[in-house]
Amino acid sequence: MTTTGCAGSLSTLDPAGPHAADVATLWWVMLGGAAVLAALVFGLLAIAMLRRDRDDSAPRATVWIGWLGLAMPVVVLSALLTYALILGARTLPTPAPDTVTVGVEARRYAWVFRHPGGRETQGVLHIPAGRPVDASITATDVIHSFWVPRLAGKMDAIPGHTNVLRIVATRPGTYRGECAEYCGTGHKDHGFTVVAHDAAGWAAFVGGTR
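Note that the coordinates shown come from a computational prediction; the quantities given were computed from them, not determined experimentally.

(A) Fine view of the sheet that holds strand S8 (residues 163–167). Read across the open sheet, the five strands follow the order S3-S2-S1-S5-S8; overall the sheet is mixed. Looking at strand neighbours, the two that pair on one side only are strand S3 (120–122) and S8, the edges of this open sheet. Put simply, the sheet's adjacent strands are angled 25° from each other on average, direction ignored.

(B) Geometry of the nonpolar core. Residues Ile127 and Phe146 are the most contacted members of the largest nonpolar core, which totals 30 residues. The set of elements that each furnish at least two residues to this core consists of strand S1 (100–107), strand S2 (110–114), strand S4 (124–128), strand S5 (133–139), S8, strand S9 (173–179), strand S10 (191–197) and helix H3 (199–206).

(C) Region of the structure containing the pattern of salt bridges. Evaluated as defined, the whole model comprises six salt bridges. Of the charged contacts in the structure, one is a salt bridge between Glu178 and Arg176, with a shortest N-O distance of 3.2 Å. Residue classification places Arg176 among the partly exposed residues on the basis of a relative accessible area of 31%. Here the salt bridges do not stand alone but share partners, grouping Glu105, Arg114 and Glu120 into one network.

(D) Highlighting the pairing of strand S6 (residues 144–147). Because side chains alternate across S6, one face comprises the buried residues His144 and Phe146, and the other comprises Ser145 and Trp147, equally buried. Judged from the four bridges that link them, S6 and strand S7 (residues 154–157) form a sheet pairing that is antiparallel. Counted as the bridge partner of Ser145 is Asp156 from S7. Here S6 folds back onto S7 in antiparallel fashion, the turn holding six residues.

(E) Main features of the packing of aromatic side chains. Going through the model one piece at a time under the given rule, you end up with six aromatic pairs. Ring centres of Trp27 and Trp28 lie 4.8 Å apart, and the angle between their planes is 90°; this geometry places the pair in the edge-to-face category. Residue Trp27 is classed as partly exposed on the basis of its relative accessible area, which comes to 40%. By way of ring pairs, the aromatic residues Trp111, Phe113, Phe146 and Phe192 are connected into one cluster. It is Lys154 that lies over the ring of Trp147; its NZ or CZ is 4.5 Å from the centre.

(F) The arrangement of H3 in detail. The complete set of buried residues in H3 reads Gly201, Trp202, Ala204 and Phe205. Across the axial projection of H3, the buried residues extend over an arc of 160°, all falling on one side. Residues of H3 that are exposed and angled more than 90 degrees away from the buried face: Ala199 and Ala200. If you follow the buried residues of H3, they end up packed against S1, S3, S4 and S10.

(G) Structural view of the pairing of S2. Buried residues dominate S2, accounting for four of its five residues. Of the pairings in the sheet, the one linking S1 to S2 comprises five bridges and is antiparallel in character. Across the sheet, residue Val104 finds its bridge partner in S2, namely Phe113. The turn joining S1 and S2, which pair antiparallel and follow one another in sequence, is formed by two residues. In this sheet, S3 lies alongside S2 in antiparallel orientation, the contact comprising three bridges. Bridging across to S3, Arg114 finds its partner in Glu120. What sits between S2 and S3 in their antiparallel hairpin is a turn of five residues, with Gly117 showing a positive phi close to 90°.

Quick notes on the rules
Residues numbered from 1 in each chain as written. Predicted model: local features only at pLDDT ≥ 70, side-chain atom pairs only at ≥ 80, totals over all residues. Heavy atoms only, no water. Pairing = 2+ DSSP bridges. Helix = DSSP H or I, 4+ residues; strand = E, 2+ residues; numbered from the N terminus. Axes fitted to C-alpha atoms, helices over the stretch in contact; angles between N-to-C directions. Core = buried A, V, L, I, M, F, W, Y, C linked by side-chain atoms within 4.5 Å. Buried < 20%, exposed > 50% of the residue type's maximum accessible area, 1.4 Å probe, protein only. Salt bridge = Lys/Arg side-chain N within 4 Å of Asp/Glu carboxyl O. Phe/Tyr/Trp six-rings, centres within 6.5 Å; stacked < 30°, edge-to-face > 60°. Lys NZ or Arg CZ within 6 Å of the ring centre and 35° of its normal. Arc of directions from axis to C-beta. Contact = heavy atoms within 4.5 Å.

Now the structure itself:
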C-alpha cells in the first residue's frame, strides 16, 4: 500500500486522538491545496511554452496572468489560511469539567512529569484515555519542544515560561513522544513515553497502587 509509511509511533498521519486527527486533516488539506497550485503553475507553464511564438492580445494576457496567475493562488491560499485558523482554534485548551492537568518540565536530557495527587515520574507521562489533558509545559535550561505526534501538535518548553497544550488519547495505549527542538548533543535521545490508562487504570495510578 502507498500509505504503509504513514503509520508508526511517530506518524502524524496515524492519529490516536481528536486533536492529532485535526493536525492530520490539516496536512491532507494543505497537500491538496499545494497540488492545486502546482497544477496551475505547470498548466500555465505549458500554455506559455505552446503559445510562445504567438502574439497574444493584452486582454488574453490579462486573463492568464491576472486571473489564473494571481487571483487563483490568492483564493486558494486564503481558503487554506482560514481553514487552518478554524482548525487550530478547536485544539485550544478550552474549559471542560473532566480536564486533567499535568506538569511537564524539560531539561537536558530528560522529561519530568507531575501528575494529580502529587505523583512524579521521569520519562513516562500517565494520562487517562478519553479525557482532555492539559500539559503545562516549561523548561529549566534551554528551549525544548514537547511533541506526541499521534496525540497532538507541538508546544515549546521555554525556561521561565509556561505553555499549555491540550492532548487527548481516544483509547488506552502507549504512545511515543519526542523533543522536537534541537537542544544539544543529547537531543536524539530526548524522548519519552505516554501511557493512556482506562478508567480503572487511571484511578489505580492516581491512587498510588500502580
